[in-house]
Amino acid sequence: MTIAALDATSRPSVAHLLVRQEDEDEFVLGNPATGRFVVVPEAGARLIELLAAGHTVAEVADVLEHELGEPVDVLDFVEMLVEAGLLDEREAAGEAAAPRVEEAEPGKKVKYWVVSKIPPWVVKPLFGKAAWTFYVGCLVATLVMFAADHSLLPSYEDAFVVTDIMLSLVITNVVVMGLAVVHEIWHAFAGAAAGVKSQLRLERRGIFTVLETDLTGLWALPPAKRYSPFLAGMGFDSFVLFAAVAPRFAYSRGWLDLNPHVVRFLAMLVLSQVGKLAFQTMAYLRTDMYLVMATATGCKNLHQVTRLGLKRLIRKLTPVEQTILRDADAKDLRVARWYRLLYLAGIVWMGWFAWNFILPAAKVTIGWAAGVMVGAPVFSFYWWEGIGLVTFAFVNLTAPLFVALRNRIRARRAARVAVAV
């Protein structure tokens with residue numbers, strides 16, 4: 001890529017870019033407005049500092065050559081910033097920037113989630129020391145109650161709140177989806193408390209279809225300030241889990257009288273929240289805990305490095321994959337040695353969960369639906385209810401495949417755009 005208006009006399013406009021030291025010799029360089037960030041060496045950070053001071057490309061090249069003892073291709077670096085989406089061509093050439101159109105992908109405007117635009121002072125109390133003490137206390141108290149009464153632990157049967165399978169699945173899924181949205185809102189609130197806007201999107205994690213809050217802007221903050229937004233959803237889930245277990249624990253002890261329907265509804269909540277919290281610990285699926293671990297270890301691309309390291313044991317890597325592994329950060333390679341055990345354990349857990357929860361629930365649903373469709377008159381209410389159940393089960397089982405296909409199509413489209421540029 002070559003920018004015609006960019007030459008040695010240009011003064012690229014880089015004042016809006018953020019530069020923050022991430023490691024001893026690495027710096028995060030990014031545009032907080034668009035959520036685009038790259039890691040550059042110390043020379044790259046110094047280059048941005050000189051450009052921000054108003055020097056021309058030629059002047060910056062002279063200064064860096066004097067300081068480093070070797071020539072630096074400043075023009076190529078600025079063009080790299082344009083390719084990475086940190087600058088537009090007018091900014092790179094030092095001209096008046098066009099009205100900024102924030103993009104997540106070529107040709108697509110960024111639409112930040114409205115809940116992430118809330119003023120920080122409004123939501124900060126939800127993520128202060130007192131709040132996190134409360135969230136952790138809820139989780140600890142719940143674990144104590146589980147240890148004291150194993151009957152409170154969830155079973156796949158808890159997904160069926162009432163005897164009518166269709167109504168039960170509607171209730172369960174409406175509640176689960178509602179709590180999933182609030183889980184993501186809590187992430188967005190925590191991001192807003194840190195001054196970072198976010199987006200909500202549909203993604204796939206293994207065999208699961210999930211909602212995901214994109215908090216890319218957090219990488220502009222020091223590591224210590226990222227943990228609260230990453231863990232915010234789990235904090236909310238811990239509170240809901242405690243609120244569902246505590247009444248059942250009191251009921252089992254005879255301290256509280258509850259309607260049987262309420263007891264079954266609370267059991268469904270327990271199943272939902274335990275599943276969510278267990279899922280978040282599956283770091284190999286790039287869940288909340290993966291982001292926490294990557295931040296704590298200072299890794300840059302741990303998931304891909306681990307995956308390629310394991311893949312290399314069973315089949316030959318492509319030339320591109322070999323290059324990625326060869327050029328991987330030393331921290332990623334070091335952490336991947338033990339992280340691969342978590343990765344493999346996560347795959348085993350996902351298979352166990354599917355066998356013990358997803359497949360039995362699907363078997364009950366499809367079996368009941370088949371019985372209704374065979375026994376009920378065609379086009380009757382119960383016949384349509386059976387059709388609805390089969391459709392529901394099919395969508396839930398195949399949704400991850402559709403999301404995976406969508407992501408692959410997007411990746412190929414982005415690759416074609418990159419080649420065209």
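Residues numbered from 1 in each chain as written. Predicted model: local features only at pLDDT ≥ 70, side-chain atom pairs only at ≥ 80, totals over all residues. Heavy atoms only, no water.

**Brief notes about the overall build of the protein**
Right, so step 1: In terms of regular secondary structure, the protein is built from 14 helices and 7 strands.
Right, so step 2: A buried classification covers 42% of the 421 residues belonging to the protein.
Right, so step 3: Contacts in the protein between residues at least 24 apart in sequence constitute 67% of all its contacts with a sequence separation of at least 6.
Right, so step 4: On the protein, roughly 22600 Å² of surface is accessible, and the fraction owed to carbon and sulfur atoms is 64%. (Helix = DSSP H or I, 4+ residues; strand = E, 2+ residues; numbered from the N terminus. Buried < 20%, exposed > 50% of the residue type's maximum accessible area, 1.4 Å probe, protein only. Contact = heavy atoms within 4.5 Å. Areas by Shrake-Rupley, 256 points an atom, 1.4 Å probe, with all protein chains shown as cover.)

**Let's talk about the pattern of salt bridges**
Right, so step 1: In this structure the tally under the stated criterion is 4 salt bridges.
Right, so step 2: Asp149 is the partner of Arg253 in a salt bridge, and the nearest nitrogen-oxygen pair spans 3.6 Å. Placement of the pair is Arg253 in the loop between α8 (227-252) and α9 (260-280) and Asp149 in the loop between α6 (129-148) and α7 (165-193), with a sequence separation of 104 residues.
Right, so step 3: Judged by its relative accessible area of 36%, Arg253 falls in the partly exposed class.
Right, so step 4: Through salt bridges with shared partners, a single network forms among Arg46, Glu49 and Glu67. (Salt bridge = Lys/Arg side-chain N within 4 Å of Asp/Glu carboxyl O.)

**A few points about the UniProt feature "transmembrane region" (unreviewed entry) in the protein**
Right, so step 1: Under the UniProt annotation, "transmembrane region" (unreviewed entry) lies at residues 126-148, 160-182, 230-250, 262-279, 341-362 and 382-405.
Right, so step 2: Counted over residues 126-148, helix gives 87% and strand 0%. Its end C-alpha atoms are 30 Å apart.
Right, so step 3: Split by type, residues 160-182 is 78% helix and 0% strand. Its first and last C-alpha atoms lie 22 Å apart. (UniProt positions renumbered as here; feature names shortened; annotations may be inferred.)

**Some points on a negative patch on the surface**
Right, so step 1: Residues Glu59, Asp62, Glu65 and Glu70 make up a contiguous surface patch of negative charge.
Right, so step 2: Structurally, Glu65 is set in helix α2 (residues 57-68).
Right, so step 3: Judged by its relative accessible area of 39%, Glu65 is partly exposed. (Patch = residues over 30% accessible without salt bridge, like charges linked within 9 Å, V, L, I, M, F, W, Y side chains within 5 Å. Lys, Arg positive; Asp, Glu negative; His and termini not counted. Charge placed at Lys NZ, Arg CZ, Asp CG, Glu CD.)

**Comments concerning the nonpolar core**
Right, so step 1: Phe127, Trp186, Phe189, Val245 and Leu269 are the most contacted members of the largest nonpolar core, which has 34 residues in total.
Right, so step 2: The set of elements that each furnish at least two residues to this core consists of α6, α7, α8 and α9.
Right, so step 3: It is α7 that provides the largest number of residues to this core, a total of 9 residues.
Right, so step 4: In terms of nonpolar packing, the next biggest core, distinct from the first, is built from 23 residues, Phe27, Val40, Ala61 and Phe77 among them. (Core = buried A, V, L, I, M, F, W, Y, C linked by side-chain atoms within 4.5 Å.)

**Details of the confidence of the model for the protein**
Right, so step 1: Averaged over every residue, the pLDDT of the protein is 81; residues scoring 70 or more account for 85%.
Right, so step 2: Highest mean pLDDT in the protein belongs to α6 (96); lowest belongs to strand β4 (residues 103-105) (45). (pLDDT = per-residue confidence, 0-100.)

**Details of the packing of aromatic side chains**
Right, so step 1: Under the criterion given, the structure shown has 8 aromatic pairs.
Right, so step 2: Note on Trp186 and Phe236: the rings are 5.3 Å apart at their centroids and 40 degrees apart in plane angle, and the pair reads as tilted. Pair noted here: Trp186 is in helix α7 and Phe236 is in helix α8, with a separation of 50 residues, a long-range link. There is no split in this pair, since Trp186 and Phe236 are both buried.
Right, so step 3: By the ring-pair criterion, three or more aromatic residues cluster together here, those being Phe127, Trp186, Phe189 and Phe236. (Phe/Tyr/Trp six-rings, centres within 6.5 Å; stacked < 30°, edge-to-face > 60°.)

**Here's the deal with α2**
Right, so step 1: The terminal C-alpha atoms of α2 lie 16 Å apart, and with 12 residues this matches the ideal 16 Å at 1.5 Å per residue to within 8%.
Right, so step 2: Every buried residue of α2 is accounted for by Val57, Val60, Ala61 and Leu64. Taken around the axis of α2, the buried residues stretch over an arc of 100 degrees, which confines them to a single face. Residues Asp62 and His66 are exposed on α2 and point more than 90 degrees away from its buried face.
Right, so step 3: Close packing links the buried residues of α2 with α1 (42-52) and α3 (74-83). (Expected span 1.5 Å × (residues − 1). Arc of directions from axis to C-beta.)

**Some words on a nonpolar patch on the surface**
Right, so step 1: On the surface, a cluster of nonpolar side chains totalling about 250 Å² of accessible area is made up of Val136, Val140 and Val144.
Right, so step 2: Its place among the elements puts Val136 in helix α6.

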